[in-house]
Amino acid sequence: MERLKVQMRPQWQAGCERVGFDWHSLDGEYWREGACYELTAGEVDSLEVAVAHLQERYIEATEHVIRHRLYEALRIEPAFFDLAVRSWEADEPSLYGRFDLVVNGVDPPRLLEYNADTPTGLLEAAVVQWLWLQDTSPGFDQFNAIHERLVEAFRYLLRIAPNLQDTFYFSCLQDSAEDLGNVGYLEDVARQAGWHTARLFVDELGYDEGEHTFVDLEDQPIHHWFKLYPWEFIRADPFGLKLTAAPLRIVEPAWKMLWSNKAMLAILHDLYPDDPHILPASLSEKQFKAGTVRKPIYGREGGNVSIEAPGLSYSSGGSYGTEGWVWQQFAPLPDFDGNQPVVGAWVIGGEPAGIGIRESDGPITGNTSRFVPHRFAPPSS
């Protein structure tokens, strides 16, 4: 993998905004137009294999968590753990998730964490960098079938819906342009797949006590709900317990509260200590010789992460950590003249679908870390 300087497209901002990417200049330069990461076809193949492998590991680990009822290790209340178990046993479908990986060209891709419940960066990965590729890099390809796989996934959800005339509701909070953009994109994809859709902010969700059903602002029942709103927030909300009995298909499903929990990193290592894609991790305080990263098990966007490694001491602020911690072996990111990338590998409908690359000036990737497009030269025929 190389980081290359490339020519910026004229009026690239307007091109981004035409597809709904209005937060391209978040924190000054969120979308980095003047650079790209160039991979080899072999690196792309190894990423696809690694993602499929990690997805299978999570499935196996979930069976272990359920069989041994490890809800205390995951800091999940029994009622919600039981909801996750019912959701898993009912095989409720997942739409998407994103593995964040260290890819350094020497070791196999290694898992930092799995954003399995509310990953963002989707529009940038699925659409914006693909348009960049078409405009700038004829003859190159991109590991990116994200949009097509999303359409297929929503078509599947429609096929298994009891009533084809049902409306799919899409929700997030009102105060984030990024969240609104990601939800708007997914709503558009759902319409392309044949769904009737509607937008409803999380705080506008209603509940009919008599019918034990969630309703919209016009008291119409909601049967399909996409929420860009974390399961741990739902569990802390007064309406959360009502979800344990409501006839409602939720995307992402309740079993994703297990996968999005960073305690799973330690469980994975306990189960597969020799897996080259899984970093050593522990739920009790532990110092690793190569360096130690402490993460809150429900942390987001790089908040409250601390790193202690030879020659390095680094920490980030935030409001997480009361729920518990996981200690993970430090795996340094590659460094390209001060730019340190993390590869976000997307899983759509359970299958590897593409990547997006975020880079930071330091070892912690946060909410405003830059998004840099990628490309690869396909093998000669």
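This report concerns the structure included in the present document.

Strand order in the open sheet formed by five strands is 4-3-16-17-18, and the pairing between neighbours is antiparallel. With one partner strand each, in any of the chains shown, strand 4 (110-115) and strand 18 (370-372) form the two edges of the open sheet. For this sheet, the mean angle separating the axes of adjacent strands, direction not counted, is 35°. Here strand 3 (residues 96-102) pairs with strand 4 via five bridges, running antiparallel. If you follow aspartate 100 over to strand 4, its bridge partner there is glutamate 113.

Let us look at the side chain of threonine 120. Tracing the backbone shows threonine 120 in the loop between strand 4 and helix 4 (122-136). Note on threonine 120: relative accessible area 17%, which makes it buried. Here glutamate 178 takes part through its side chain, which lies 3.2 Å from a polar atom of the side chain of threonine 120. Excluding anything up to four places from it in sequence, threonine 120 contacts Arg98, Glu178, Asp179, Asn182, Leu228 and Trp346.

Once that is clear, we can look at the pattern of salt bridges. Summed over all chains, the structure comprises 23 salt bridges. Between arginine 9 and glutamate 33 there is a salt bridge, with the nearest N and O atoms lying 2.5 Å from each other. Of this pair, arginine 9 sits in the loop between strand 1 (2-5) and helix 1 (12-18) while glutamate 33 is found in the loop between helix 1 and strand 2 (35-39), placing the two residues 24 residues apart along the sequence. This pair shows no difference in class: arginine 9 is buried, exactly as glutamate 33 is. Taking the shortest distance from any N to any O, the salt bridge between lysine 242 and glutamate 209 comes out at 3.1 Å. On the criterion of sequence distance, the pair formed by lysine 242 in the loop between helix 7 (231-236) and strand 10 (249-251) and glutamate 209 in the loop between strand 7 (206-208) and strand 8 (213-215) is long-range, its members being 33 residues apart. Residue classification places lysine 242 among the partly exposed residues on the basis of a relative accessible area of 28%.

With three bridges connecting them, strand 12 (residues 292-296) and strand 13 (residues 306-309) associate as antiparallel partners. Looking at strand 13, one finds that valine 293 is bridged to isoleucine 307. By the bridge criterion, four bridges tie strand 13 to strand 14 (residues 312-315) in an arrangement that is antiparallel. Bridge pairing in strand 14 places isoleucine 307 opposite tyrosine 314. The antiparallel pairing of strand 13 with strand 14 creates a hairpin that spans two residues between the two strands, and glycine 311 there sits at a positive phi of about 80°.

Right, let's talk about the packing of aromatic side chains for a bit. Summed over the entire model, instances satisfying the criterion amount to 24 aromatic pairs. When the centroid spacing of 5.1 Å and the interplanar angle of 80° are considered together, the rings of tryptophan 88 and tryptophan 255 count as edge-to-face. Highlighted residues: tryptophan 88 in helix 3 (residues 78-89) and tryptophan 255 in the loop between strand 10 and helix 8 (256-259), separated in sequence by 167 residues. A relative accessible area of 15% places tryptophan 88 in the buried class. Between phenylalanine 214 and phenylalanine 239 the ring centres are 5.9 Å apart and the planes differ by 75°, which places this aromatic pair in the edge-to-face class. One end of the pair, phenylalanine 214, is in strand 8; the other, phenylalanine 239, is in the loop between helix 7 and strand 10, with 25 residues separating them in the sequence. The burial state of phenylalanine 214 is the same as that of phenylalanine 239; both residues are buried. Grouped by ring-pair contacts, the aromatic residues Tyr96, Phe154, Phe168, Phe170, Trp195, Phe226 and Trp346 constitute a single cluster. Arginine 57 extends its terminal NZ or CZ atom over the ring of tyrosine 272, reaching a point 3.9 Å from the ring centre. A cation over an aromatic ring shows up here: arginine 375 above the ring of phenylalanine 140, its NZ or CZ 4.1 Å from the ring centre.

Formed by 67 residues in total, the largest nonpolar core has its most connected members in Tyr58, Phe99, Leu101, Trp225 and Leu243. No other element matches helix 2 (residues 41-67), which puts nine residues into this core. Those residues in contact with tryptophan 225 that sit more than four places away from it in its chain are Phe168, Tyr169, Ser171, Leu205, Ile234, Phe239, Leu243, Leu248, Arg249, Ile250 and Val251. Leu95, Trp132, Ala190 and Trp346 belong to the second largest nonpolar core, which has 42 residues in total.

The subject of this paragraph is the side chain of threonine 118. Summarising the element assignment, threonine 118 is placed in the loop between strand 4 and helix 4. Residue class for threonine 118 comes out buried when judged on its relative accessible area of 14%. In this structure the side chain of threonine 118 is engaged in a polar contact, spanning 2.6 Å, whose partner is the side chain of arginine 300. With residues up to four places along the chain from it excluded, the contact list for threonine 118 reads Tyr96, Lys227, Leu228, Tyr229, Pro230 and Arg300.

Parameters at a glance
- Sequence order sets the numbering: in each chain, residues are counted from 1 along the sequence as written.
- Confidence filtering applies because this is a predicted model: local features only for residues at pLDDT of at least 70, side-chain atom pairs given and counted only at 80 or more, and all residues used for totals across whole chains, interfaces and linings.
- To obtain the side-chain values, all non-hydrogen atoms of the structure were included, while hydrogens and water were left out.
- Note on pairing: DSSP must find at least two bridges between two strands before they are called paired.
- Secondary structure elements are taken from DSSP: a helix is a run of H or I of four residues or more, a strand is a run of E of two residues or more, and numbering for both begins at the N terminus.
- Axis lines are fitted to C-alpha atoms, over the contacting stretch for helices. Their N-to-C directions set the angle, which ranges from 0 to 180 degrees.
- Note on classification: 1.4 Å probe, protein chains only; a residue is buried when its accessible area is under 20% of the maximum for its type, exposed when over 50%, partly exposed between these limits.
- Here a polar contact is recorded for every N or O atom pair within 3.5 Å, except that within protein the pair must consist of a potential hydrogen donor and a potential acceptor, and residues adjacent in sequence are included only if both atoms are side-chain atoms.
- The contact rule is simple, with two residues in contact once any of their heavy atoms fall within 4.5 Å.
- Put simply, a salt bridge is a Lys or Arg side-chain nitrogen that is within 4 Å of an Asp or Glu carboxyl oxygen.
- Each Phe, Tyr or Trp ring (for Trp, its six-membered ring) is paired with any other whose centre lies within 6.5 Å, and the angle between the two planes then decides the class: stacked below 30 degrees, edge-to-face above 60, tilted in between.
- Counted as over-ring charges are cases with an Arg CZ or a Lys NZ within 6 Å of the ring centre that also lie within 35 degrees of the ring normal.
- What makes a nonpolar core is a set of buried Ala, Val, Leu, Ile, Met, Phe, Trp, Tyr and Cys residues whose side-chain atoms join them at distances within 4.5 Å.

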